[in-house]
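# Structure at a glance
Take a look at the letters that make up each chain.
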Amino acid sequence: MDFKTKIREILDFPTPGVQFKDITTLLKDGEAYHQAIDELVKYASDKKVDAIVGPEARGFVIGAPLAYALGVGFIPVRKPGKLPAETVEVVYDLEYRQDRLSIHRDAIRPGSRILIADDLLATGGTVKATVDLIKQLNGQVVGTAFLIELLYLNGRDQLENIDIFSLIQY
Ligand SMILES: O=P(O)(O)OC[C@H]1O[C@H](OP(=O)(O)OP(=O)(O)O)[C@H](O)[C@@H]1O
Ligand SMILES: Nc1ncnc2[nH]cnc12
C-alpha cells in the first residue's frame, strides 16, 4: 500500500510555516490503519519487547494497537496533571512550542525492554523526552517506531544509538 497517499498535508497549521501531516485520513481508513500497524508489528516482533510506551495523544493511537498485537503492555506518557499516581517529569522543545511530559514513577520495571511508538518524528523533542523518562526509571529503550518521519527536521540526531523505524518519510 502507498501509505503516503493516506496522509493529508495542511500548510500553516497550527502556526505559519508548519507543513502539518494529518494522520486522521489514514486512521479513518480501516485497511490502511490495520496495514500500517502490521508494518510496525513486523519491525517490533524480533525485539523481545516487554512494553510499549506512547506519548499523548497521537502516540496512544499507534502504541496501543501495537502493544495489543504484540501481547505486551502499553504505558502512557502524558502531559502533566493527567496521571493520577506519583510521576516523574521532563521539559522538552518541539517544532512549534515547549512542553512537559510525565510518566508514572512505577510504570516501568527496571531493566525491561521498551519500544517507543508515536505517529510522527519531527524535531525529535518528544521522543528524546520520552527516552529521558524511560531512562529515569531504568528502562532499556530497544527501538522507536513511527508512522511518519520528517527527515528535514533531523529528529534522528536526538536518538543516537537508538534504533528507529518509520513507515513514511518526507
Ligand atoms: O518530534 P517532535 O518535534 O517532538 O514532534 C513530534 C510530536 O509532535 C506531535 O505531538 P503533539 O505534541 O503535537 O501532541 P498531540 O499528539 O497531543 O497532538 C506528534 O504526535 C509527536 O508526538
Ligand atoms: N509537521 C507536523 N505535522 C504533524 N504533527 C507534527 N508534530 C510536530 N510537527 C508536526
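Given the structure is predicted, the values throughout are model-derived calculations rather than measurements. (Residues numbered from 1 in each chain as written. Chains lettered and ligands numbered in written order. Predicted model: local features only at pLDDT ≥ 70, side-chain atom pairs only at ≥ 80, totals over all residues. Heavy atoms only, no water.)

### Looking at the overall build of the protein chain
- A tally of helices and strands in the protein chain yields four helices and nine strands.
- When the helices and strands of the protein chain are read in sequence order from the N terminus, they spell out β-β-α-α-β-α-β-β-β-β-α-β-β.
- Against the compact-globule benchmark of 15 Å for 170 residues, the protein chain has a radius of gyration of 15 Å, which places it among compact chains.
- In terms of overall dimensions, the protein chain has C-alpha extents of about 40 × 35 × 30 Å along its principal axes.
- Intrachain contacts of the protein chain at a sequence separation of at least 6 include 58% that bridge at least 24 residues.
- Accessible area of the protein chain: about 8400 Å², with a carbon and sulfur share of 47%.
- Separation between the mean location of the 20 positive side-chain charges and that of the 24 negative ones in the protein chain comes to 2 Å. (Helix = DSSP H or I, 4+ residues; strand = E, 2+ residues; numbered from the N terminus. Rg over C-alpha atoms; globule rule 2.2 N^0.38 Å. Contact = heavy atoms within 4.5 Å. Areas by Shrake-Rupley, 256 points an atom, 1.4 Å probe, with all protein chains shown as cover. Lys, Arg positive; Asp, Glu negative; His and termini not counted. Charge placed at Lys NZ, Arg CZ, Asp CG, Glu CD.)

### Examining the site of ligand 1
- Close to ligand 1 lie 17 residues; Asp118, Asp119, Thr123, Gly124 and Thr126 are nearest.
- At a separation of 3.0 Å, an oxygen atom of ligand 1 approaches a polar side-chain atom of arginine 58.
- Computed on the free molecule, ligand 1 has an accessible area of 500 Å², of which 89% lies beneath the protein chains in the complex.
- Looking at the shell around ligand 1, the elements that each hand over two or more residues are β7 (113–121) and α4 (125–136).
- When residues in the shell around ligand 1 are grouped by element, the largest group, four residues, is from β7.
- Tallied by class, the residues present in the shell around ligand 1 amount to six nonpolar, four polar and seven charged. (Near = heavy atom within 4 Å. Polar contact = N/O pair within 3.5 Å; in protein donor to acceptor, adjacent residues only side chain to side chain. Nonpolar A, V, L, I, M, F, W, Y, C, P; charged D, E, K, R; others polar.)

### Some words on α4
- Over its twelve residues, α4 extends 16 Å from the first C-alpha to the last, a length consistent with the 16 Å expected when each residue adds 1.5 Å.
- Within the sequence span of α4, burial applies to Gly125, Thr126, Val127, Ala129, Thr130, Val131, Leu133 and Ile134.
- Directly beyond the C-terminal end of α4, a positive phi value near 65° is found at asparagine 138. (Expected span 1.5 Å × (residues − 1). Buried < 20%, exposed > 50% of the residue type's maximum accessible area, 1.4 Å probe, protein only.)

### Quick notes on unusual backbone geometry
- At the junction of phenylalanine 13 and proline 14, the peptide bond is cis and its omega measures out at 0° in the coordinates.
- Among the secondary structure elements, proline 14 is positioned in the loop between β1 (8–11) and β2 (19–22).
- In this structure, lysine 48 takes a positive phi of about 50° despite not being glycine.
- Summarising the element assignment, lysine 48 is placed in the loop between α2 (30–44) and β3 (51–55).

### Quick word on the packing of aromatic side chains
- Applying the stated criterion to the full structure yields three aromatic pairs.
- Taking the centre distance of 5.0 Å and the plane angle of 85° together, the rings of phenylalanine 13 and phenylalanine 20 count as edge-to-face.
- The partly exposed category is assigned to phenylalanine 13, whose relative accessible area is 42%.
- Taking relative accessible area as the criterion, phenylalanine 20 reaches 13% and is therefore assigned buried.
- Between the aromatic rings of tyrosine 43 and phenylalanine 165, the centroid separation amounts to 5.1 Å while the plane-to-plane angle is 15°, which identifies the pairing as stacked. Taken together, the positions of tyrosine 43 in helix α2 and phenylalanine 165 in strand β9 (residues 164–169) put the pair 122 residues apart, joining distant regions of the chain.
- Residue tyrosine 43 is classed as buried on the basis of its relative accessible area, which comes to 12%.
- Stacked on the ring of tyrosine 170, the Lys or Arg lysine 4 has its end atom at 4.6 Å from the ring centre.
- Just above the ring of tyrosine 170 sits the side chain of lysine 21; from NZ or CZ to the centre is 4.1 Å. (Phe/Tyr/Trp six-rings, centres within 6.5 Å; stacked < 30°, edge-to-face > 60°. Lys NZ or Arg CZ within 6 Å of the ring centre and 35° of its normal.)

Any functional reading would require information beyond the geometric quantities listed.
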